[in-house]
Amino acid sequence: MDAVLKPFPYRSLPEDAQKRPTQAEVEAAVRTLLLWTGDNPDREGLLDTPMRVAKAYREMFDGYNKDPAEELGRTFEEVEGYQDMVIERDISFHSHCEHHMVPIIGRAHVGYLPDGRVVGLSKLARVVDIFAHRLQTQEAMTAQIANTIQDVLKPKGVAVIIEAEHMCMAMRGIKKQGSTTLTSTFTGSFADHPEDQIRFMTLLRTSTKSGL
Ligand SMILES: Nc1nc2c(ncn2[C@@H]2O[C@H](COP(=O)(O)OP(=O)(O)OP(=O)(O)O)[C@@H](O)[C@H]2O)c(=O)[nH]1
Ligand SMILES: [Zn+2]
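Quantities reported herein were computed from a predicted structural model and do not represent experimental measurements.

Focus on the coordination of the zinc ion (ligand 2)
- Protein coordination of the zinc ion (ligand 2) is provided by Cys97 (SG), His100 (ND1) and Cys168 (SG), with donor distances spanning 2.1 to 2.3 Å.
- Here the donor residues for the zinc ion (ligand 2) map to a single chain with the spacing C-x2-H-x67-C.
- The exposure class assigned to His100 is partly exposed, which follows from its relative accessible area of 36%.

In structure tokens form, the structure reads like this:
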């Protein structure tokens, strides 16, 4: 199936990337990579690997087929006048770095200050996953999540913090296991009022075991 990529509002794709290669072309490319490792793509254990890799890529990079704005389209106003921040903490995600195409594994914390409308909680995690399932830098992913929620939901502000481990730092190159990268983007009232940022950070640190 040759899917045509949807327009992507936060990063333009080159013209020739708009059309996907065929399944046969992808499998041939994986076969080349297998040869590059030094292994034999014709041995029994590797015969179906190009097909499996193509299938896995379709799943791991399905974020290119989805529009994060659509996820935020359905909102609710009946929340009994609730006006304080809403935070979805510890949203686990898997992504791939755009430099080495190896995994980034981490957690996102997403908060917003509603302006009359709230969104289904799962939708915040869906937005995280859509951006995670594209080739990323952590900085870009953090900004994309915050800017999409700000642009579509139009709350008073959005706060996004991501902490992640980059396998390109752990498995190769500098080989530092266990170091994590922290990034943050604050929009609206979170950018304008330090006290909102502080409250966000304080709420994030509230222990889930505290019984609050
Ligand atoms: N800022 C940023 N850098 C990243 C991210 N993921 C990977 N990198 C870095 O991207 C850089 C790419 O550096 P290059 O010198 O072009 O590539 P390289 O020779 O593979 O680099 P080394 O990892 O130092 O071996 C590396 O320093 C990676 O650690 C990310 O999400 N954000
Ligand atoms: Zn990398």
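Digging into the environment of Ile149
- Tracing the chain through its elements places Ile149 in helix 5 (residues 138-153).
- Owing to a relative accessible area of 0%, Ile149 belongs among the buried residues under this scheme.
- Non-local contacts of Ile149, meaning those with residues more than four positions away in its chain, are made with Leu72, Val110, Leu124, Lys154, Pro155 and Val158.

Quick look at the packing of aromatic side chains
- Per the counting criterion, the structure on display carries three aromatic pairs.
- Between the aromatic rings of Phe186 and Phe200, the centroid separation amounts to 6.3 Å while the plane-to-plane angle is 85°, which identifies the pairing as edge-to-face. On the criterion of sequence distance, the pair formed by Phe186 in strand 7 (residues 181-186) and Phe200 in helix 8 (residues 194-205) is long-range, its members being 14 residues apart.
- The exposure class of Phe200 is buried, given its relative accessible area of 0%.
- An aromatic cluster is present here, built from Phe186, Phe190 and Phe200 joined pairwise through their rings.

Some thoughts on a nonpolar patch on the surface
- On the surface, Tyr57, Met60 and Met101 cluster together into a nonpolar patch covering about 240 Å² of accessible area.
- Residue class for Met101 comes out partly exposed when judged on its relative accessible area of 39%.

Side note on the pairing of strand 2 (residues 86-97)
- Strand direction decides the pairing type here: strand 2 and strand 3 (residues 103-113), joined by nine bridges, are antiparallel. Bridging across to strand 3, Ile91 finds its partner in Ala108.
- Hairpin connection, strand 2 to strand 3: the antiparallel pair is bridged by five residues, and Met101 has positive phi, about 55°.
- Where strand 2 lies against strand 5 (residues 135-136), two bridges are found, and the strand directions are parallel. When the sheet's bridge partners are listed, His96 is paired in strand 5 with Leu135.

Calculation rules
Residues numbered from 1 in each chain as written. Chains lettered and ligands numbered in written order. Predicted model: local features only at pLDDT ≥ 70, side-chain atom pairs only at ≥ 80, totals over all residues. Heavy atoms only, no water. Donors = N, O, S within 2.8 Å, 3.2 Å for Na, K, Ca; no water. Buried < 20%, exposed > 50% of the residue type's maximum accessible area, 1.4 Å probe, protein only. Helix = DSSP H or I, 4+ residues; strand = E, 2+ residues; numbered from the N terminus. Contact = heavy atoms within 4.5 Å. Phe/Tyr/Trp six-rings, centres within 6.5 Å; stacked < 30°, edge-to-face > 60°. Patch = residues over 30% accessible without salt bridge, like charges linked within 9 Å, V, L, I, M, F, W, Y side chains within 5 Å. Areas by Shrake-Rupley, 256 points an atom, 1.4 Å probe, with all protein chains shown as cover. Salt bridge = Lys/Arg side-chain N within 4 Å of Asp/Glu carboxyl O. Pairing = 2+ DSSP bridges.

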